[in-house]
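Below, each chain spelled out in residue letters.
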Amino acid sequence: MLPRVLVLICCLFSLLSAKAQTGTQCPQNIGFESGTFTNWKCYSGSISETVRGAPQNNPPVITLTETSPLYNQHKIVKKSDERDDYGGFSLDSPNGSDYVIKLGNDQGGRGAERVSYTLNVPANVDAYSVIFNYAVVLQDPSHAAAEQPKFTVEIIDETSNSSTSCGSFEFVASGSLPGFKRSEFMTNVLYKPWSPVLLNLTEYVGRKIRLEFTTNDCTYNAHFGYVYLDVTENCSYPITGNIICPGTKPITLKSLPGFSEYHWFNAVTKEELGTVDSLVLPASTPVGTQIAVKLVPFSGLGCIQTLYVTLEGPKVNVNQPAPECLSVDITASSITSSNSPDLKYSYWADAAATIPLTNPKNITKSGSYYIKGQNMPGCFAVGEVKVVIVEPPQITVTDPEPVNYPQTVDITSSYVPAANLTYSYWKDPKATVPLLNPTAVNRDAPFYIKVTNASGCITIATVNANIIYPGIVIPNTFTPNGDGVNDVLTVLMENSIHVKSFKIVNKWGDVLFSTSDIYNYWDGNRDGKALPVGVYYWFVDGVDTSQRKIRQSGSVAILR
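Small disclaimer: the values here were computed from a predicted structure and weren't measured.

(A) Spotlight on the overall build of the chain. Helix and strand counts for the chain stand at zero helices and 38 strands. A compact globule built from 560 residues would reach a C-alpha radius of gyration of about 24 Å, whereas the chain, at 38 Å, exceeds it by more than 25%. Sorting the 560 residues of the chain into buried and exposed places 47% on the buried side. Considering only contacts within the chain whose residues lie at least 6 apart along the sequence, 67% involve residues at least 24 apart. In the chain, which carries 41 positive and 49 negative side-chain charges, the distance between the mean positions of the two groups comes to 4 Å.

(B) A look at the sheet that holds strand 18 (residues 290-296). Pairing is antiparallel in the open sheet, where four strands are placed in the order 16-15-18-19. The strands lining the two open edges of the sheet, one partner per strand, are strand 16 (272-274) and strand 19 (305-310). Put simply, the sheet's adjacent strands are angled 30 degrees from each other on average, direction ignored.

(C) Quick look at the side chain of Asp 217. Within the element layout of this structure, Asp 217 appears in the loop between strand 12 (208-216) and strand 13 (225-229). There is no salt bridge for the buried Asp 217, and the closest opposite charge comes from Arg 110, which lies 8.5 Å off by N-O distance. At a separation of 3.4 Å, a polar atom in the side chain of Asp 217 contacts the main-chain amide nitrogen of Gly 225. Leaving out residues up to four positions away in the same chain, Asp 217 has contacts with Ile 47, Asn 105, Gly 108, Gly 109, Arg 110, Gly 111, Gln 148, Pro 149, His 223, Phe 224 and Gly 225.

(D) Inspection of the pattern of salt bridges at higher detail. Scanning the model with the defined rule gives six salt bridges in all. For Glu 212, the salt bridge identified is with Arg 114, shortest N-O distance 3.7 Å. Residue Glu 212 is found in strand 12, and its partner Arg 114 is found in strand 5 (residues 111-120); the two are separated by 98 residues along the sequence. Residue Arg 114 is classed as buried on the basis of its relative accessible area of 18%. The salt bridge partner of Arg 548 is Asp 544, with a shortest N-O separation of 3.1 Å.

(E) Layout of the sheet that holds strand 26 (residues 422-426). Spatial ordering of the open sheet is given by 26-27-28, a layout of three strands whose pairing is antiparallel. Unpaired on one side and paired on the other, strand 26 and strand 28 (458-465) mark the two borders of the sheet. Averaged over all pairs of adjacent strands, the angle between strand axes in this sheet comes to 25 degrees, irrespective of strand direction. Of the pairings in the sheet, the one linking strand 26 to strand 27 (residues 445-452) comprises five bridges and is antiparallel in character. Directly across from Ser 424, in strand 27, lies its bridge partner Lys 450.

(F) Quick look at unusual backbone geometry. A cis amide bond links Tyr 405 to the next residue, Pro 406, at an omega of 15 degrees. Note that Pro 406 resides in the loop between strand 25 (403-404) and strand 26. Look at Phe 32: it is not a glycine, yet its phi comes out positive at around 60 degrees. With respect to the secondary-structure elements, Phe 32 resides in the segment before strand 1 (40-47). By relative accessible area, which is 0% here, Phe 32 ends up buried. The phi angle at Gln 547 is positive, at roughly 65 degrees, despite the residue not being glycine. Take Gln 547: it is sitting in the loop between strand 37 (534-543) and strand 38 (549-558).

(G) Looking closely at the state of the cysteines. The tally for this structure, following the rule as stated, stands at two disulfides. Bridging Cys 325 to Cys 457, the disulfide has an S-S length of 2.1 Å. Handedness of the Cys 325-Cys 457 disulfide follows from its S-S torsion of about -95 degrees: it is left-handed. Pair noted here: Cys 325 is in the loop between strand 20 (316-318) and strand 21 (336-338) and Cys 457 is in the loop between strand 27 and strand 28, with a separation of 132 residues, a long-range link.

(H) Layout of the pairing of strand 28. Of the strand pairs in this sheet, strand 27 and strand 28 are connected by eight bridges, and their pairing is antiparallel. Looking at the pairing, Val 451 lines up with Thr 459 of strand 28. Here strand 27 hands over to strand 28 after five residues, with Gly 456 in that stretch at a positive phi of 85 degrees.

(I) Spatial organisation of the nonpolar core. Ranked by internal contacts, the top residues of the largest apolar core, which has 38 residues, are Trp 40, Val 115, Phe 171, Leu 201 and Phe 213. Counting residues per element, this core draws most heavily on strand 6 (residues 129-139), at five residues. With residues up to four places along the chain from it excluded, the contact list for Leu 201 reads Val 121, Tyr 128, Ser 129, Val 130, Ile 155 and Ile 209.

(J) Molecular detail of the packing of aromatic side chains. If you walk through the whole model with that rule in mind, you get 14 aromatic pairs. Ring geometry for Phe 259 against Tyr 262: centres 6.2 Å apart, planes inclined by 75 degrees, an arrangement best described as edge-to-face. The same class applies to Phe 259 as to Tyr 262, namely buried. Between Lys 102 and the ring centre of Tyr 226, over which it is positioned, the NZ or CZ distance is 5.8 Å. One cation-aromatic arrangement involves Lys 372 over Phe 380; the distance from NZ or CZ to the ring centre is 4.5 Å.

So, how was this worked out
Residues numbered from 1 in each chain as written. Predicted model: local features only at pLDDT ≥ 70, side-chain atom pairs only at ≥ 80, totals over all residues. Heavy atoms only, no water. Helix = DSSP H or I, 4+ residues; strand = E, 2+ residues; numbered from the N terminus. Rg over C-alpha atoms; globule rule 2.2 N^0.38 Å. Buried < 20%, exposed > 50% of the residue type's maximum accessible area, 1.4 Å probe, protein only. Contact = heavy atoms within 4.5 Å. Lys, Arg positive; Asp, Glu negative; His and termini not counted. Charge placed at Lys NZ, Arg CZ, Asp CG, Glu CD. Pairing = 2+ DSSP bridges. Axes fitted to C-alpha atoms, helices over the stretch in contact; angles between N-to-C directions. Salt bridge = Lys/Arg side-chain N within 4 Å of Asp/Glu carboxyl O. Polar contact = N/O pair within 3.5 Å; in protein donor to acceptor, adjacent residues only side chain to side chain. Disulfide = S-S within 2.5 Å. Core = buried A, V, L, I, M, F, W, Y, C linked by side-chain atoms within 4.5 Å. Phe/Tyr/Trp six-rings, centres within 6.5 Å; stacked < 30°, edge-to-face > 60°. Lys NZ or Arg CZ within 6 Å of the ring centre and 35° of its normal.

What follows is the structure in structure tokens.
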């Protein structure tokens, strides 16, 4: 098994303000959670070769070409229980994501790899930051620094095509690298477990930024460097634990691990509160208290950044549902969100949450309803959801006057059309079989008018075409050639006749088609195969309303 290192790039895009925090939506697939490299670019290439004993006049150069993901250089890896063979740490992403990518390998050979992601820093925010965690494994053959394996991070402002002043850095294999450990399994391999970098991109608000992550082997064809990358798509805040239930238990705030120093303080009074990556506050600390932490990274690995958080009680955020035609399910996950992941929801008819809803999945009446979110200690919040049920469209149908065959009926004249409504015509009550000639119906039967309003609400009304036939009327030719015209043999008859059997036979008396449903029209086929052009014979057996037998026969020619 190839040795692995997990490089976590947990990108938390957040707004950082001393007064409030407001999250922003993560860029699409920045965390590889589609299981693909969608929106990422992959590159493959090499670093120029160093010849032993030759003078080194120029620094090595990395040459890369954009390519599709290559299995041994850019590899999607699903969450697993494996551990790194050199560092012994778990390959599970600490942010809980399902996918990481492996960038590079341990085969040496002057290989180089890169992945990059371009994002737009929102223009409508006061502050913006990117946080990524990384771990890296580098073989250390003790070459000159420029000839060693390395891992490079660059944050590039695409407007000026220059690296940002904070957050671009490289690790060159060396025994003196800060935070690195020597492998217990191979003494010339160095690794660094999870460590974060916090990039303050506030000065780039409204501009385009490119994240680039590059690995390369040594310049002597022998020694390797590689990483794993993972980006968290849960764009939450770097400080957790600020959603509290006052007076119930001590409050524990947690920041990102892996910084050189932590300085917690009250954002208003400036009182110092703690110096490790978490802070415990008394249970009596009130909602609204503002806490800050200054994060000091290891030298060269990002910038000093101060994060702010406000202690809050649980909140229920309601995304108001769109107007619906029949009912609204207010328990849908798309409607409710919260600042607290442990809330349990219940549904009520009143703002005081005293009258429970019996069926919140099927609200059929417009009005205000209420969602209560409560956590384990008993703190709760209530959010209002406004339901709008759109009235179905109205139509009044008057059946057309009876006509004598071969006259036809125009069913589109059976109602008065209304503005902003759409009308369509169908053969069946579920409106699945369209009626192609609604202005010239020649069959005595019910038909259906579907009315649709601007909200997509539907009403289906029945209209009866009353055509008086002289007994049974069957054409003497039809053309089942699939052109949509005269493709079936229609049978028309008086309402007083009840058909028991309708058959089609050939000249030898073989039954080609048989049905008791007179509207199951023959399409000129036998067992799914088209019959040749020629003359065929039909037979109808039935009774009238007086139970008098009706028998009639005739011929029909197939033309194609």
